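Results of the structural survey
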Amino acid sequence: PTQEPIDPVRYISNRSSGKMGRALAMEALRRGAEVTVISGPAREPLPFQAEVIFVRTALEMYEATISRFSQYDVFIGAAAVADYRVADPADEKHKRNGDIHHLELIPNPDIAKKIGEIKRPDQITVGFAAETHHLINYAREKLKKKKLDLIVANQVGGENCAFGSDYVSALMMTPQSKDEQPELIPKSELTHRVFNRISEIMGKK
């Protein structure tokens, strides 16, 4: 996840644990890739064999990713990046005084969309769509809008598909694939399938 500050003490974030990012990094390393992980403040430890760049906010993740993207063959956008940030974070802690506080939220830049705009023909980009409803439709829309080669559509919600779970209800989609139904599988198995599909796409580039 990323953390978007409200004041020096509080922030807006999400429930992502970082398990998927860790599993992807480990699978890539097992296959002999040189791996860089740009990570927000996740709970999961990252493999020491990977280069790890720690960031906090969506803007920091955007800058770190865009500045390095040209060096890599494959980009996988698995982070749970905040869509919005607080427009004017306070320099001091908000004190409780009984008043109602209003936060103005402004959009964060879309990392995957920008990557799709600047990628070379030989680069492969993979995105994730974590959705609670209309999974296939939303994933198909993101696949096209962000010019991805592959998207992993991930159904969230429920005991088996909660953030932090070792299992995921997901399916993979490419611009050419026909829609299928999500399957409940271990995240370790999903990462294996993701890299198999990446290998197939790479062979066609």
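Quick note: structure is the one above.
Residues numbered from 1 in each chain as written. Predicted model: local features only at pLDDT ≥ 70, side-chain atom pairs only at ≥ 80, totals over all residues. Heavy atoms only, no water.

A tally of helices and strands in the protein chain yields five helices and eleven strands. In summary, the protein chain has a C-alpha radius of gyration of 18 Å against a globular reference of 17 Å for 205 residues, a match within 12%. Dimensions of the protein chain, computed from the C-alpha atoms along their principal axes, are close to 60 × 35 × 30 Å. Per-residue burial over the protein chain gives 38% buried out of 205 residues. At a minimum sequence separation of 6, the contacts of the protein chain that also span at least 24 residues come to 57%. When the accessible area of the protein chain is evaluated, it comes to approximately 12200 Å², of which 49% is carbon and sulfur surface. Considering the protein chain, the positive charge centre built from 29 side chains and the negative charge centre built from 28 side chains are found 3 Å apart. (Helix = DSSP H or I, 4+ residues; strand = E, 2+ residues; numbered from the N terminus. Rg over C-alpha atoms; globule rule 2.2 N^0.38 Å. Buried < 20%, exposed > 50% of the residue type's maximum accessible area, 1.4 Å probe, protein only. Contact = heavy atoms within 4.5 Å. Areas by Shrake-Rupley, 256 points an atom, 1.4 Å probe, with all protein chains shown as cover. Lys, Arg positive; Asp, Glu negative; His and termini not counted. Charge placed at Lys NZ, Arg CZ, Asp CG, Glu CD.)

When the charged atoms of two side chains with opposite charge come close together, those side chains can pair. For the coordinates displayed, the defined rule picks out twelve salt bridges. One salt bridge in this structure joins Arg-31 and Glu-27, with 2.7 Å as the shortest N-O distance. By relative accessible area, which is 7% here, Glu-27 ends up buried. For the salt bridge of Glu-131 with Lys-142, the shortest nitrogen-to-oxygen distance reads 3.1 Å. (Salt bridge = Lys/Arg side-chain N within 4 Å of Asp/Glu carboxyl O.)

Attention now goes to the environment of Tyr-62. Tracing the sequence through the fold places Tyr-62 in helix α2 (residues 58–68). A C-alpha to C-alpha distance of 9.1 Å links Tyr-62 and Lys-114, two positions 52 residues apart in sequence.

Glancing now at the sheet that holds strand β8 (residues 124–131). The strand order across the open sheet formed by five strands is β5-β8-β9-β10-β11, and the pairing between neighbours is mixed. The sheet is open, and its two borders are formed by β5 (74–77) and β11 (183–186), each paired with just one other strand. Averaged over neighbouring strand pairs, the angle between their axes works out to 30° when direction is ignored. As defined by bridge partners, strand β10 (residues 167–173) adjoins β11 across four bridges and the pair is classed as antiparallel. Paired with Val-168 across the strands is Ile-185, a residue of β11. Its contacts with the sheet place helix α5 (residues 187–204) against β5, β8, β9 (150–155), β10 and β11, and it is angled at close to 100° to β11. (Pairing = 2+ DSSP bridges. Axes fitted to C-alpha atoms, helices over the stretch in contact; angles between N-to-C directions.)

Moving on to the packing of aromatic side chains. Counted by the stated rule, this structure contains one aromatic pair. Plain terms: the ring middles of Phe-69 and Phe-75 are 6.2 Å apart, the flat faces sit at 85° to each other, and that makes the pair edge-to-face. The exposure class assigned to Phe-69 is buried, which follows from its relative accessible area of 5%. Judged by its relative accessible area of 12%, Phe-75 falls in the buried class. (Phe/Tyr/Trp six-rings, centres within 6.5 Å; stacked < 30°, edge-to-face > 60°.)

We now examine α5. With 18 residues, α5 should reach 26 Å at 1.5 Å per residue; the first-to-last C-alpha distance of 26 Å fits that figure. Listed as buried for α5 are Lys-187, Leu-190, Thr-191, Val-194, Phe-195, Ile-198 and Ile-201. Each buried residue of α5 sits inside an arc of 130° when the element is viewed along its axis, so together they form one side. Facing away from the buried side of α5, by more than 90 degrees, are the exposed residues Gly-203 and Lys-204. (Expected span 1.5 Å × (residues − 1). Arc of directions from axis to C-beta.)

All right, on to unusual backbone geometry then. Across residues other than glycine, the phi torsion is negative in most instances, and most of the peptide bonds are trans. Even without glycine at this site, His-134 takes up a positive phi of about 50°. Turning to its location among the elements, His-134 is positioned in the loop between β8 and α4 (135–145). Even without a glycine there, the phi angle at Lys-147 is positive, about 55°. By the secondary structure assignment, Lys-147 is in the loop between α4 and β9. Here Lys-147 falls in the partly exposed class, since its relative accessible area comes to 48%.

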